[in-house]
Amino acid sequence: MIRKCLFPAAGYGTRFLPATKAIPKEMLPVNTKPLIQYGVEEALDAGCDTMAIVTGRGKRAIEDHFDISYELEHQLKSAKKEHLLKDIREIINNCSFTYIRQNEMKGLGHAILTGEKLVGNESFGVILADDLCINDNGKSILAQMIDLYNRFECSIIAIQEVDSKDLSKYGVIDGKEIESGIYEVKSMIEKPEPQDAPSNLAVIGRYILTPDIFRILLDVAPDKKGEIQITDALKIQAQSSRVLAYKFKGIRYDCGSIEGFVKANIDLYKRK
Ligand code: UTP
């Protein structure tokens, strides 16, 4: 059973400055909903009941968003507009939120390690809210990955094919396809030059991790920029136990980039 979902949300979001000077990137809206709310809805849909959020300085708006605003609710009730907060109210009623601060921005691996205190000794999901994922066939991406975890009981990472010119933005896997769309990971490399990439299969922001990842992360050496990369820890885990990569069914918008963010806004607006 995967009950907890970790949201590393401490990054600076520099690509969206000045918008992200005082507002967390995760609170930028795609139409009327902040990015992180899409992620939380996906985790709820997948059966998680605890959202563990790794925050940092200037991220208070995330906590306020997932809390009740009595004054606002009272005002909306008088104006008969309560329906505007119906979805967020439902989220608040159906899961718990826990928070921890990452004091220094030392990379995604370090953010996940910071989340250990919230997750404890159990397997957990990870959602990077700036990767907005939607699907048309009923099951969310995280739910598809949990189905796979229930079969194989090992770490699962979501992948998609990307153009070779874009591979240097991602972690890229070297793997063997064991079933249609499911790969046994042999190795991984973070942000390779196209000529060094072992495949065109890039890791996106959805993971199921087994708790031994925390011990591995403790030993991972920082990269040139001083950041601890989850890719390095997964590479060790793939060699010492097992990591599967899953070509998910659905659409992913890279909302960490301006282009992906604008595309998500337009596409989701048209879908309404
Ligand atoms: P990104 O590098 O895409 O996010 O990290 P960023 O640093 O916020 O954005 P830019 O590059 O400056 O525009 C991927 C995810 O990992 C989290 C981020 O919040 C984002 O969700 N992260 C990254 C942390 O929580 N802590 C870190 O130290 C680094």
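Look up: the structure comes first, before these words.
Not measured: the values here are computed from a predicted model.

**Side note on the nonpolar core**
Piece 1. Phe7, Ile36, Met51, Phe66, Leu142 and Ile156 are the most contacted members of the largest nonpolar core, which has 39 residues in total.
Piece 2. Among the elements of the structure, strand E1 (4-8), helix H1 (35-45), strand E4 (50-55), helix H4 (86-94), helix H7 (141-152), strand E8 (155-161), strand E11 (201-209) and strand E12 (243-247) are those that each provide at least two residues to this core.
Piece 3. With 8 residues, H7 is the largest single contributor of residues to this core.

**Looking at the pairing of strand E9 (residues 171-179)**
Piece 1. Where E9 lies against strand E10 (residues 182-190), 8 bridges are found, and the strand directions are antiparallel. By the bridge assignment for E10, Lys176 is matched with Glu184.
Piece 2. Hairpin geometry of E9 and E10 is characterised by an intervening segment of 2 residues between the two adjacent antiparallel strands and by a positive phi of about 80 degrees at Gly181.

**Quick word on H4**
Piece 1. Of the positions making up H4, those classed as buried are Ile88, Ile91 and Ile92. Angularly, the buried residues of H4 cover 95 degrees about the axis, an arc narrow enough to put them on a single face.
Piece 2. Considering only its buried residues, H4 is in contact with H1, helix H2 (60-65) and strand E5 (96-101).

**Some points on the pairing of strand E6 (residues 124-127)**
Piece 1. Alternating positions in E6 separate into two faces, Phe124 and Val126 on one and Gly125 and Ile127 on the other, with burial throughout.
Piece 2. Note: E1 against E6, 2 bridges, orientation parallel. In the strand pairing of E6, Cys5 is matched with Gly125.
Piece 3. Pairing geometry for E6 and E11, over 4 bridges, is antiparallel. Following the sheet pairing, Ile127 is matched in E11 by Arg206.

**Examining the site of the ligand**
Piece 1. As a matter of local geometry, the ligand sits amid 17 residues, with Gly11, Gly13, Thr14, Arg15 and Gln102 nearest to it.
Piece 2. Here the ligand, which alone exposes 570 Å², has 81% of that area covered by the protein.
Piece 3. Residues of the shell around the ligand, tallied by class, amount to 7 nonpolar, 5 polar and 5 charged.

**What about the state of the cysteines?**
Piece 1. One pass over the full model with this rule turns up 0 disulfides.
Piece 2. We note that Cys95 lacks a disulfide partner, and the nearest cysteine sulfur, in Cys48, lies 9.3 Å from it.
Piece 3. Taking relative accessible area as the criterion, Cys95 reaches 10% and is therefore assigned buried.

**Examining the packing of H1 against H4**
Piece 1. Close contact between H1 and H4 brings their axes to 11 Å; oriented N to C, the two are set at 50 degrees. Viewed along their axes, H1 and H4 adopt a mutual orientation that is oblique. As H1 packs across H4, the resulting crossing turns out to be left-handed. On H4, the residues that touch Gln37, Val40, Glu41 and Leu44 of H1 are Asp87, Ile88, Ile91 and Asn94.
Piece 2. For the contact of H1 with H4, the per-class residue count stands at 4 nonpolar, 2 polar and 2 charged.

Rules used throughout
- Residues numbered from 1 in each chain as written.
- Predicted model: local features only at pLDDT ≥ 70, side-chain atom pairs only at ≥ 80, totals over all residues.
- Heavy atoms only, no water.
- Core = buried A, V, L, I, M, F, W, Y, C linked by side-chain atoms within 4.5 Å.
- Buried < 20%, exposed > 50% of the residue type's maximum accessible area, 1.4 Å probe, protein only.
- Helix = DSSP H or I, 4+ residues; strand = E, 2+ residues; numbered from the N terminus.
- Pairing = 2+ DSSP bridges.
- Arc of directions from axis to C-beta.
- Contact = heavy atoms within 4.5 Å.
- Near = heavy atom within 4 Å.
- Areas by Shrake-Rupley, 256 points an atom, 1.4 Å probe, with all protein chains shown as cover.
- Nonpolar A, V, L, I, M, F, W, Y, C, P; charged D, E, K, R; others polar.
- Disulfide = S-S within 2.5 Å.
- Axes fitted to C-alpha atoms, helices over the stretch in contact; angles between N-to-C directions.
- Parallel < 35°, antiparallel > 145°, perpendicular 65-115°, else oblique.
- Left-handed = near helix turned anticlockwise from the far one by under 90°.

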